[in-house]
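Structural overview
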Amino acid sequence: MARPTRHDERGQPLPADKQVMSAFADSHKIRAVADTLEEEALELRSLQSSPAGGRIDDQIVSDLLVKAKHIREYCTPYALCPACEAKRIGKCKACHDRGWMPRSAWKIWKAST
Ligand SMILES: [Zn+2]
């Protein structure tokens, strides 16, 4: 059994909120999907020059890499919500009541404060 996650990706301690703790505890599963897509893209790229890979175009490889990046940046728990710190879940528009933000939303938040 995995150790409970106690910090977000920035090292910020997590509050004892089940929803937030669970989100960060499971975030590695989402990152694993992104890793798999990236590995598949790189495998396809390596097959492009093989006799079987003649129909694998660069766009397919690029699409998979973009999806992997999108999942990491836009879909994966990254930081405790800096607006509510998971103390106003149900009332926070910044994190859409999740108590956390993906990296993309966190960057926008930090740039605006
Ligand atoms: Zn929030």
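Refer to the structure printed above.
Residues numbered from 1 in each chain as written. Predicted model: local features only at pLDDT ≥ 70, side-chain atom pairs only at ≥ 80, totals over all residues.

The next point concerns the overall build of the protein. Counting its regular elements, the protein contains 3 helices and 2 strands. N-terminal to C-terminal, the α/β element order of the protein is α-α-β-β-α. Over its C-alpha trace the protein gives a radius of gyration of 18 Å, far above what one expects of a compact globule, namely 13 Å for 113 residues. Counting only C-alpha atoms, the protein reaches 55 × 40 × 20 Å along its principal axes. Residues counted as buried form 21% of the 113 residues belonging to the protein. (Helix = DSSP H or I, 4+ residues; strand = E, 2+ residues; numbered from the N terminus. Rg over C-alpha atoms; globule rule 2.2 N^0.38 Å. Buried ≥ 20, exposed ≤ 12 C-beta atoms within 10 Å, placed from the backbone.)

Running from amino to carboxyl end, helix 1 (residues 18-47) crosses helix 2 (residues 58-75) at an angle of 165 degrees, the nearest separation of the two axes being 8 Å. In terms of orientation, helix 1 and helix 2 fall into the roughly antiparallel class. For the element pair helix 1 and helix 2, the recorded crossing hand is left-handed. Taking contact as the criterion, the partners of I30, R31, V33, A34, L37, E38, E40, A41, L44 and R45 in helix 1 are, on helix 2, I60, V61, L64, L65, K67, A68, I71, R72 and C75. Here the residues of the contact of helix 1 with helix 2 sort into 13 nonpolar, no polar and 6 charged. (Axes fitted to C-alpha atoms, helices over the stretch in contact; angles between N-to-C directions. Parallel < 35°, antiparallel > 145°, perpendicular 65-115°, else oblique. Left-handed = near helix turned anticlockwise from the far one by under 90°. Contact = placed C-beta atoms within 7 Å. Nonpolar A, V, L, I, M, F, W, Y, C, P; charged D, E, K, R; others polar.)

Core analysis: the largest hydrophobic core is formed by 14 residues, its most contacted members being V20, A79, L80, C81, W100, M101 and W106. Secondary-structure elements contributing two or more residues to this core are helix 1, strand 1 (79-80), strand 2 (100-101) and helix 3 (103-112). Ranked by residues supplied to this core, first place goes to helix 1 with 3 residues. Beyond its immediate sequence surroundings of up to four residues, V20 is in contact with L14, P15, L80, A86, G99 and W100. (Core = buried A, V, L, I, M, F, W, Y, C linked by C-beta atoms within 7 Å.)

We now examine helix 2. Helix length check: helix 2 (18 residues) gives 25 Å between terminal C-alpha atoms against 26 Å at 1.5 Å per residue, within 8%. Those residues of helix 2 lying buried are L64, A68, I71 and R72. For helix 2, the buried positions fall inside an angular range of 95 degrees around the axis, keeping them on one side. Turned more than 90 degrees from where helix 2 packs its buried face, D58, Q59, S62, V66 and Y74 sit exposed. Residues of helix 2 that are buried make contact with helix 1. (Expected span 1.5 Å × (residues − 1). Arc of directions from axis to C-beta.)

Before going further, it helps to examine helix 1. With 30 residues, helix 1 should cover 44 Å at 1.5 Å per step; its first-to-last C-alpha distance of 44 Å lies within 8% of that length. Against helix 2, strand 1 and strand 2 lie the buried residues of helix 1.

Moving on to the environment of W106. One can find W106 in helix 3. With 22 C-beta atoms packed within 10 Å, W106 lands in the buried category. Linking W106 and I89, residues 17 residues apart in sequence, is a C-alpha distance of 17 Å. If near-sequence neighbours (up to four positions away) are discounted, W106 is found in contact with Y78, A79 and M101.

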